[in-house]
Every structure is written in structure tokens, then in C-alpha cells.
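Close look at the chain arrangement
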Amino acid sequence: MENKKEILLKLHRFLDDISKSGDVWALENEVGFATTQSTIYADSEGNPVNKLCFWGNKEEASQIKEVEWKEYQATSFPLGEFLEQWCVGIANEGFHVEINLDKNFVGYEIHPLELALIVIEKLKEVNASVPLQNYVSLQDFYDQIKSALN
């Protein structure tokens, strides 16, 4: 079993990868995207929260594909789309996100809006930007998410 430090490294590796490449990876088949259930969080009825799985690079996504989701294909999409459409949409559906899930089914679980904030902070740290469709700037997006979480 991986310890907290190793799990936290999964998040940092994800942030490093996506801030450099500008892409986020997922596994997709004709029905949809790879999901799993939380072992940490439950909904109001006590059922595990569903999670969508994302990776910072194709190699890591492909490794678990060989173990669990053989009929899925690794697919990428732009980081701006991930922030605006995926993180917000996933949050609205009540899902969480699993980052860099490995073949032992260990990853970093996080609320999608909290992840968006962390991604934006990383982009600011490395002086990177991504194009957004629905917000004036990354700071505008950050401020609106922050407001929604309070």
C-alpha cells in the first residue's frame, strides 16, 4: 500500500505534466470515460461517490488500461477544456476526480473544483497560461471557483 507522500507525489506529477504539455489524459470507450468509486467519500445516501479518472500523460493512462479498461483508448484534451468543462461539469454531477490512478488502483482523489484551483495555482507558479472560452482570464475563473466553494 502506498503512503500519503507517494499519493501526494501523484498529484504533483500530474500538475507538472499537464502544465508542461497543456493536455489532460483520460480513458474512453464508445460508452464513455473510465470511472471508479470512491473509497473515501459517500453521497447523502451513503453510496460511494463516483470518480472520473484522469492522467497527466498517455503512458500512465495506458498502463492501467492494460489492467482494468482494456476496451478503452487513451485520449487527450486541452487543459483549458478540462478546467472549464470537465472540472465544472464533474462537480455539477456530484463526481470526484481520481488523478494518476495506477495498476494497484491507487491515485489522488480530489473534488474537481479544488483540483481546478490547484491547477490554476500551478499554472501561475510556472508562468503558464491556457486559453479559456467562458472566462476573461485564469484569475477570473479562479475567483469564481473560490466563490462557489465558499
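For the structure, check the block above.
In this report, the structure presented in the accompanying data block is examined. From a predicted model like this one, the values you see are computed outputs, not experimental measurements.

**Some details on the sheet that holds strand E2 (residues 35-42)**
The strand order across the open sheet built from 4 strands is E2-E3-E5-E6, with neighbouring strands paired in mixed fashion. Single-partner strands in this sheet number two, and they are E2 and strand E6 (108-110). For this sheet, the mean angle separating the axes of adjacent strands, direction not counted, is 40°. Looking at chain direction, E2 and strand E3 (residues 48-54) are connected through 4 bridges and run antiparallel.

**Structural notes on the nonpolar core**
Of all hydrophobic cores here, the largest spans 34 residues; its most connected members are Phe 14, Phe 54, Leu 79, Phe 82, Leu 83 and Leu 115. Of all the secondary structure elements, the ones that give two or more residues to this core are helix H1 (4-21), strand E1 (23-28), E3, helix H3 (79-92), strand E5 (96-99), E6, helix H4 (112-125) and helix H5 (138-149). Apart from residues lying up to four places away in sequence, Leu 83 is in contact with Val 88, Ala 116, Val 119, Ile 120, Leu 123, Val 130, Leu 138 and Phe 141. Counting 10 residues, the second-largest nonpolar core is a separate cluster that includes Leu 27, Cys 53, Ala 61 and Ile 64.

**Considering the packing of aromatic side chains**
Here the structure, examined in full by the defined rule, presents 11 aromatic pairs. Taking the centre distance of 6.5 Å and the plane angle of 75° together, the rings of Trp 55 and Trp 69 count as edge-to-face. Of the two residues, Trp 55 sits in the loop between E3 and helix H2 (58-65) while Trp 69 sits in the loop between H2 and strand E4 (73-78), which places them 14 residues apart along the sequence. In this structure Trp 55 comes out as buried when scored by relative accessible area, which is 0%. The exposure class of Trp 69 is buried, given its relative accessible area of 6%. Three or more aromatic residues link up through ring pairs in this structure, and these residues are Phe 14, Phe 33, Phe 54, Phe 77, Phe 82 and Trp 86. Above the plane of the ring of Tyr 142 lies Lys 124, whose end atom (NZ or CZ) is 4.3 Å from the centre.

**A look at the pattern of salt bridges**
Summed over the entire model, instances satisfying the criterion amount to 6 salt bridges. Notably, a salt bridge pairs Lys 122 with Asp 16, separated by 2.7 Å at the nearest N-O pair. Taken together, the residues Lys 122 in helix H4 and Asp 16 in helix H1 connect sequence positions 106 residues apart. Through salt bridges with shared partners, a single network forms among Asp 16, Lys 122 and Glu 125.

**Observations concerning unusual backbone geometry**
Negative phi characterises most residues that are not glycine, and trans characterises most peptide bonds. In this structure, Asn 100 is a non-glycine residue whose phi angle is positive, near 50°. Here Asn 100 shows up in the loop between E5 and E6. Unusually for a residue other than glycine, Phe 105 sits at a positive phi of about 60°. Tracing the backbone shows Phe 105 in the loop between E5 and E6. Residue class for Phe 105 comes out partly exposed when judged on its relative accessible area of 36%.

**Notes on the environment of Ile 118**
You can see Ile 118 is positioned in helix H4. For the pair Ile 118 and His 12, spaced 106 residues apart in sequence, the C-alpha separation works out to 10.0 Å. Ile 118 has contacts with Leu 11, Leu 15 and Ile 110, leaving out every residue within four places of it along the chain.

**Side note on H3**
Taking 1.5 Å per residue as the helical rise, H3 with its 14 residues ought to reach 20 Å, and the 19 Å between its terminal C-alpha atoms agrees with that figure. Where H3 bends most, the angle comes to about 25°, and this point is Trp 86. Every buried residue of H3 is listed here: Leu 79, Gly 80, Phe 82, Leu 83, Glu 84, Trp 86, Cys 87, Ile 90 and Ala 91. A positive phi of about 85° marks Gly 94, the residue just after H3.

Reading guide: rules and limits
Residues numbered from 1 in each chain as written. Predicted model: local features only at pLDDT ≥ 70, side-chain atom pairs only at ≥ 80, totals over all residues. Heavy atoms only, no water. Pairing = 2+ DSSP bridges. Helix = DSSP H or I, 4+ residues; strand = E, 2+ residues; numbered from the N terminus. Axes fitted to C-alpha atoms, helices over the stretch in contact; angles between N-to-C directions. Core = buried A, V, L, I, M, F, W, Y, C linked by side-chain atoms within 4.5 Å. Buried < 20%, exposed > 50% of the residue type's maximum accessible area, 1.4 Å probe, protein only. Contact = heavy atoms within 4.5 Å. Phe/Tyr/Trp six-rings, centres within 6.5 Å; stacked < 30°, edge-to-face > 60°. Lys NZ or Arg CZ within 6 Å of the ring centre and 35° of its normal. Salt bridge = Lys/Arg side-chain N within 4 Å of Asp/Glu carboxyl O. Expected span 1.5 Å × (residues − 1). Bend = angle between axes of the 7 residues up to and from the residue.

Bear in mind that shape data such as this cannot, by itself, settle questions of function.
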